[in-house]
Amino acid sequence: MNVLLCPLNDPGYLYPALAVGRELRRRSHTVHVLAGPPAAAAVTAAGMETSAVPDGTALSVAHWTVRGPEQYTAVAQAVRRLRPDVLVTSVLCHGALVAAEAAGLPVVVIGLAAHLWPYRAGPADECGRAWRLAETLKHHAAVRETAGLGPRRDRFPDTPLLGTAFLLRGHPAMEVPDAELPPAVRHVGPCWWEPEPPAAEPLPESGSLAYVHLGRTFGGTSLWPRLNAAFTSGTHRAVVELGRSGASEAAADADLIVGRRPWMGPLVERADLVLTNATSAPVLAALLHGKPLLVAPNGSEQQVLAAGCLRAGVARRFPERGAPAPELRAAVDDTARDPELRARVAEVGGLLADGKSETRAADAVESAAR
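Definitions and limits used
Residues numbered from 1 in each chain as written. Predicted model: local features only at pLDDT ≥ 70, side-chain atom pairs only at ≥ 80, totals over all residues. Heavy atoms only, no water. Helix = DSSP H or I, 4+ residues; strand = E, 2+ residues; numbered from the N terminus. Buried < 20%, exposed > 50% of the residue type's maximum accessible area, 1.4 Å probe, protein only. Contact = heavy atoms within 4.5 Å. Areas by Shrake-Rupley, 256 points an atom, 1.4 Å probe, with all protein chains shown as cover. Lys, Arg positive; Asp, Glu negative; His and termini not counted. Charge placed at Lys NZ, Arg CZ, Asp CG, Glu CD. Phe/Tyr/Trp six-rings, centres within 6.5 Å; stacked < 30°, edge-to-face > 60°. Lys NZ or Arg CZ within 6 Å of the ring centre and 35° of its normal. Pairing = 2+ DSSP bridges. Axes fitted to C-alpha atoms, helices over the stretch in contact; angles between N-to-C directions. Salt bridge = Lys/Arg side-chain N within 4 Å of Asp/Glu carboxyl O. Polar contact = N/O pair within 3.5 Å; in protein donor to acceptor, adjacent residues only side chain to side chain. Expected span 1.5 Å × (residues − 1). Core = buried A, V, L, I, M, F, W, Y, C linked by side-chain atoms within 4.5 Å.

## Some points on the overall build of the protein
- When you go through the protein residue by residue, the secondary structure sums to 13 helices and 13 strands.
- Taken over the C-alpha atoms alone, the protein extends approximately 60 × 50 × 35 Å along its principal axes.
- Classification of the 370 residues of the protein by burial places 56% in the buried group.
- Long-range pairs, those at least 24 residues apart, make up 65% of the contacts in the protein with a sequence separation of at least 6.
- As displayed, the protein offers around 15,100 Å² of accessible surface, 51% of which is attributable to carbon and sulfur atoms.
- Within the protein, the 38 negative side-chain charges are centred at a point lying 4 Å from the centre of the 37 positive side-chain charges.

## Quick look at the packing of aromatic side chains
- Within the structure shown, the criterion is met by 2 aromatic pairs.
- Taking 5.4 Å as the distance between ring centres and 90° as the angle between the ring planes, the aromatic pair formed by Tyr-15 and Trp-193 counts as edge-to-face. Taken as a pair, Tyr-15 in helix H1 (residues 11-26) and Trp-193 in the loop between strand S7 (185-187) and strand S8 (208-213) lie far apart in primary sequence, 178 residues in all.
- A relative accessible area of 9% means that Tyr-15 is categorised as buried.
- Over the aromatic face of Phe-156 sits the side chain of Arg-120, whose NZ or CZ is 3.7 Å from the ring centroid.

## Brief notes about the sheet that holds strand S11 (residues 273-276)
- In space, the 6 strands of this open sheet follow the order S10-S9-S8-S11-S12-S13, with parallel pairing throughout. The open sheet is flanked by strand S10 (256-259) and strand S13 (315-317), the only strands paired with a single partner. Pairs of neighbouring strands in the sheet enclose a mean axial angle of 20°, with direction left out of account.
- Strand direction decides the pairing type here: strand S9 (residues 236-241) and S10, joined by 4 bridges, are parallel.

## Looking at the pattern of salt bridges
- Scanning the entire structure with this criterion turns up 18 salt bridges.
- One salt bridge in this structure joins Arg-237 and Asp-255, with 3.5 Å as the shortest N-O distance. Of the two residues, Arg-237 sits in strand S9 while Asp-255 sits in the loop between S9 and S10, which places them 18 residues apart along the sequence.
- The residue Arg-344 makes a salt bridge to Glu-347 at a minimum N-O spacing of 3.0 Å. Residue Arg-344 and its partner Glu-347 are both found in helix H12 (residues 339-352); the two are separated by 3 residues, about one turn of the helix.
- For Arg-344, a relative accessible area of 26% puts it in the partly exposed group.

## Concerning the side chain of Lys-291
- Relative to the helices and strands, Lys-291 is located in the loop between helix H9 (280-288) and strand S12 (293-295).
- The buried charged residue Lys-291 lacks any salt bridge partner; its closest oppositely charged side chain belongs to Glu-269, at an N-O distance of 4.7 Å.
- At 3.2 Å, the side chain of Lys-291 and the backbone oxygen of Glu-269 are in polar contact.
- Not counting chain neighbours up to four residues away, the residues in contact with Lys-291 comprise Val-268, Glu-269, Ala-271, Asp-272, Leu-273, Val-274, Ala-286 and Val-345.

## Considerations on helix H11 (residues 325-337)
- Taking 1.5 Å per residue, 13 residues should reach 18 Å; H11 reaches 19 Å between its end C-alpha atoms and fits that length.
- Among the residues making up H11, those that are buried are Leu-328, Ala-331, Val-332, Asp-333, Thr-335 and Ala-336.
- Tucked inside the fold, the buried residues of H11 contact helix H7 (224-230), S9, S11, S12, S13 and H12.

## A few points about the sheet that holds strand S6 (residues 165-168)
- The sheet built from 7 strands is open, its strands ordered S3-S2-S1-S4-S5-S6-S7 with parallel pairing. Strand pairing shows two members of the sheet lacking a second neighbour, strand S3 (49-52) and S7, which therefore form its edges. Sheet twist, expressed as the average angle between the axes of neighbouring strands with direction ignored, equals 25°.
- Pairing of S6 with S7, which is carried by 3 bridges, proceeds in the parallel orientation. By the bridge assignment for S7, Leu-167 is matched with Arg-186.
- Against the sheet, H1 touches strand S1 (2-6), strand S2 (30-35), strand S4 (86-90) and strand S5 (107-110), its axis set at about 165° to S2.
- Here helix H3 (residues 68-82) sits on the sheet and contacts S1, S2, S3 and S4; the angle it forms with S1, its principal contact strand, is near 165°.

## Some thoughts on the nonpolar core
- Residues Leu-34, Leu-87, Val-91, Leu-287 and Leu-293 are the most contacted members of the largest nonpolar core, which totals 75 residues.
- Of the residues forming this core, the biggest block, 7 residues, is contributed by H3.
- For Val-91, the residues in contact, after removing those within four places along its chain, are Leu-8, Tyr-13, Val-109, Ile-110, Gly-111, Leu-112, Leu-116, Trp-117 and Phe-166.

## A word on the environment of Tyr-211
- Mapping Tyr-211 onto the fold places it in strand S8.
- Relative accessible area serves as the criterion here: at 1%, Tyr-211 is assigned to the buried category.
- Spatially, the C-alpha atoms of Tyr-211 and Val-268 are 6.0 Å apart, while their sequence positions differ by 57 residues.
- If near-sequence neighbours (up to four positions away) are discounted, Tyr-211 is found in contact with Val-239, Glu-241, Met-264, Leu-267, Val-268, Ala-271, Leu-273, Val-274 and Leu-275.

## A word on unusual backbone geometry
- Phi at Leu-92 is positive, roughly 80°, even though this residue is not glycine.
- Within the element layout of this structure, Leu-92 appears in the loop between S4 and helix H4 (94-103).
- Phi at Cys-191 takes a positive value of approximately 50°, unusual for a residue other than glycine.
- Within the fold, Cys-191 resides in the loop between S7 and S8.
- Looking at Cys-191, the relative accessible area reads 3%, which means it is buried.

Shown next, in the form of structure tokens:
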């Protein structure tokens, strides 16, 4: 079987696709990865071949709402060149979805840790699922128009976004109880892979440590004022991953180590807790390493995933903007020490770390291609 991986090239989307690709290669399938220059090193580290895209921004999640046509062109060209039997892509990579539709190819979509859009049936929550679906479909439709495809007549509006199979990387405990997922959607688990950290990378050797992973603010509230207060004159220091957020706003007297790294596993393993805006990669890393979560969501998937973590009993909510420094420091300390929270994290994390997520995902790819 000839597989074309065409994920978004940001680590949170690229790395799970590479985990699936590695399992497919182990099964003797041919795997090519569509990647721009910034992602090429990770593809090589994963032991796979890069099909180069000169303009990497076309596959960047930061531009998913505007670069769909360029995504479509890049994937369609790769399809003509490589003649794959199946595509594997990321949620929000509409160019790949439309290229698969235009070529009549099956496509497997690797999603986030929780379902973003409305359920088929069951109770509603307050996470804006219908609005999010409408906005996503608007951008998807614009790419289809670029490709010259005619109108669709689907029974359910989310159908074109789900592909042949849609793989969630979380656990059912993070979904709304009694909600019914669309038939194409299934939970496979984290599909965890990341590059090895350099041997010379220093890790804090002692003391209480928090791992902080920042997401985009989406016009919401920056975490920096609260981080500066929580980690000044407190019991914990923090390693802060800037991720796709802006520049550091760390105060000079705050006990913060700030940087951008293409990996997080060793730092999460060393930490007592993970504080995050609630994006998939740090949430899954925390659960896989048995670390309780403090969540402070803004927009996009953050609200959905934060609600899922709170519902599953693996997280506490970080106090809101304006909370006094003692309350912020107490939230960090209490989350790190709470035995019931840690026990639930160990339970859910154990379910995620059963070692079969790449197997389940590769099975889905093989089934889609039949």
